[in-house]
Amino acid sequence: MSLFGRGAPIVLLACELAACAQAPDLPSEVAVRVYQTRSDVAVGAIEIQVHNGSATDITVSRALLRSPLLADPALYDRVARIPAGATVDLKTVLPDAACHAAAPSSAESGPSEASIDVTFQLDGRVGQETLAARDSLGQLRAITEAACLHERVERIVTIRQPSEPHFSEGMLSLTYRFAPTGEPGSVMLIATGPTTLLSPATTDGRQVATERIGVRMAAPSSPRRVVVHYVPARCDAHALAEDKQGTLLPISVELDSAAGSYTLPVDAGLRSQIQRGVARICGLS
């Protein structure tokens, strides 16, 4: 008897002991989508949402989001139980954008193609399937376009976070600092707009929709500083306590044939100073 022939019964016995179970199919009522919450923006995260519309509990042990708009897949590799009828968000780190894939306009391009490889357990068996992911708000494309605009702007101009805020007459003032990098090209820094926490204001404290910056930066330019005045956009304690995006400072920009908004984040120290200052102006501290 050949070695192969002698080994066959052993393989069959092992198969019987393991029940030779085939990998399960994911119920057709399971669907996935991707989206980004307001709080995700500040921490660079994205949600992989799994909806289990079936009558059976499932456990997801790995979810891999792929999109041509992302430089790398987004990986969720923790165990998450999805009860029957439940919807669970799997928060994961948002990878860098694939800037070569960015389209001119998210409005023109519509939702992006994305898929999610799901590794799951069902009735004690492990399976894996790839599902088309809904991105009904077109957020992946918008995220990519914003990130790539940032990259292009920062190649030409360095925008430093404002120095510490100054407070007077119910207002706070921030000093924006711009310097050329020496790379070719030019950027027009047009104006700054409101956030959920701050509204631009005139020197006498009158709230306005935007405050003009009006600085063009190119390689030969000299560094510039621009002071912008703000008043609180709102003064309810609940909004201030739960603020997630109030210190993400928007600057409208133009470069080449592109235009958009550059968002300047601030560090934890300046964020805390701004929030405490707003609370003081509003009479909340």
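So, a few notes on the structure that sits alongside this text.

## Quick word on the sheet that holds strand β17 (residues 258-264)
In step 1: Across the sheet, four strands lie side by side as β14-β12-β16-β17; this open sheet has antiparallel pairing. Strand pairing shows two members of the sheet lacking a second neighbour, β14 (211-218) and β17, which therefore form its edges. When strand polarity is set aside, the average angle formed by the axes of neighbouring strands in this sheet is 25 degrees.
In step 2: Across seven bridges, the pairing between strand β16 (residues 249-255) and β17 is antiparallel. Its bridge partner lying in β17, Ile251 is registered against Tyr262.

## A look at the side chain of Thr92
In step 1: Examined against the element boundaries, Thr92 turns out to sit in strand β6 (residues 87-93).
In step 2: The buried category is assigned to Thr92, whose relative accessible area is 7%.
In step 3: Contact partners of Thr92, with chain neighbours within four places excluded, come to Ala45, Ile46, Ile48, Ala74, Leu75 and Tyr76.

## So, the pairing of β16
In step 1: Most of β16 sits inside the fold, with five of its seven residues counted as buried.
In step 2: In this structure, strand β12 (residues 186-192) lies alongside β16, joined through four bridges in antiparallel fashion. Residue pairing across strands places Ala191 opposite Ser252, the latter belonging to β16.
In step 3: In this structure, the hairpin formed by β16 and β17 is closed by a connection of two residues, where Asp256 is found at a positive phi of approximately 50 degrees.

## Considering the pairing of strand β15 (residues 224-232)
In step 1: One ladder, built from seven bridges, connects strand β11 (residues 171-180) with β15; its direction is antiparallel. Of the residues in β15, the one forming a bridge with Phe178 is Arg224.
In step 2: Bridging between strand β13 (residues 198-201) and β15 involves four bridges; their strand directions are antiparallel. Each bridged residue has a counterpart across the sheet, and for Pro200 the counterpart in β15 is Tyr230.

## A word on the nonpolar core
In step 1: By size, the foremost hydrophobic cluster in this structure holds 33 residues, and its most contacted members are Val153, Ile159, Tyr176, Phe178 and Leu189.
In step 2: Counting 28 residues, the second-largest nonpolar core is a separate cluster that includes Ala63, Ile116, Leu122 and Ile143.

## A closer look at the side chain of Arg33
In step 1: In this structure, Arg33 sits in strand β1 (residues 30-35).
In step 2: Here Arg33 sits buried without a salt bridge, and the closest side chain of opposite charge, Asp89, lies 6.0 Å off (N-O distance).
In step 3: Discounting residues that sit within four places of it in the chain, Arg33 has contacts with Glu47, Ile48, Gln49, Arg134 and Ser136.

## Focus on the state of the cysteines
In step 1: Across all of its chains, the model carries two disulfides by this definition.
In step 2: Paired by a disulfide, Cys99 and Cys148 hold their sulfur atoms 2.2 Å apart. Handedness here is read from the sign of the S-S torsion; for Cys99 and Cys148, about -105 degrees, the answer is left-handed. Separated by 49 residues along the polypeptide, Cys99 in the loop between β6 and α3 (106-109) and Cys148 in helix α4 (residues 139-156) bring together distant segments of the chain.
In step 3: Linked covalently through their sulfurs, Cys235 and Cys282 form a disulfide whose S-S length is 1.9 Å. Where Cys235 bonds to Cys282 through sulfur, the torsion about that S-S bond is close to -70 degrees, and the disulfide is left-handed. Taken as a pair, Cys235 in the loop between β15 and α5 (237-241) and Cys282 in the segment after α6 (268-281) lie far apart in primary sequence, 47 residues in all.
In step 4: In this structure Cys235 comes out as partly exposed when scored by relative accessible area, which is 40%.
In step 5: Residue Cys282 is classed as buried on the basis of its relative accessible area, which comes to 17%.

## A short note on the pattern of salt bridges
In step 1: What the rule picks out here adds up to seven salt bridges.
In step 2: Asp57 is the partner of Arg81 in a salt bridge, and the nearest nitrogen-oxygen pair spans 2.5 Å. Taken as a pair, Arg81 in strand β5 (residues 80-82) and Asp57 in the loop between β2 (45-52) and β3 (58-66) lie far apart in primary sequence, 24 residues in all.
In step 3: Assessed through its relative accessible area of 34%, Asp57 is described here as partly exposed.

## Comments concerning unusual backbone geometry
In step 1: In this model, Asp123 sits at a positive phi of 55 degrees, which is unusual for a non-glycine residue.
In step 2: Secondary-structure assignment places Asp123 in the loop between β7 (115-122) and β8 (125-134).
In step 3: Phi is positive for Glu169, which is not a glycine, with a value near 50 degrees.
In step 4: Turning to its location among the elements, Glu169 is positioned in the loop between β10 (166-168) and β11.

Rules and cut-offs
Residues numbered from 1 in each chain as written. Predicted model: local features only at pLDDT ≥ 70, side-chain atom pairs only at ≥ 80, totals over all residues. Heavy atoms only, no water. Pairing = 2+ DSSP bridges. Helix = DSSP H or I, 4+ residues; strand = E, 2+ residues; numbered from the N terminus. Axes fitted to C-alpha atoms, helices over the stretch in contact; angles between N-to-C directions. Buried < 20%, exposed > 50% of the residue type's maximum accessible area, 1.4 Å probe, protein only. Contact = heavy atoms within 4.5 Å. Core = buried A, V, L, I, M, F, W, Y, C linked by side-chain atoms within 4.5 Å. Lys, Arg positive; Asp, Glu negative; His and termini not counted. Salt bridge = Lys/Arg side-chain N within 4 Å of Asp/Glu carboxyl O. Disulfide = S-S within 2.5 Å.

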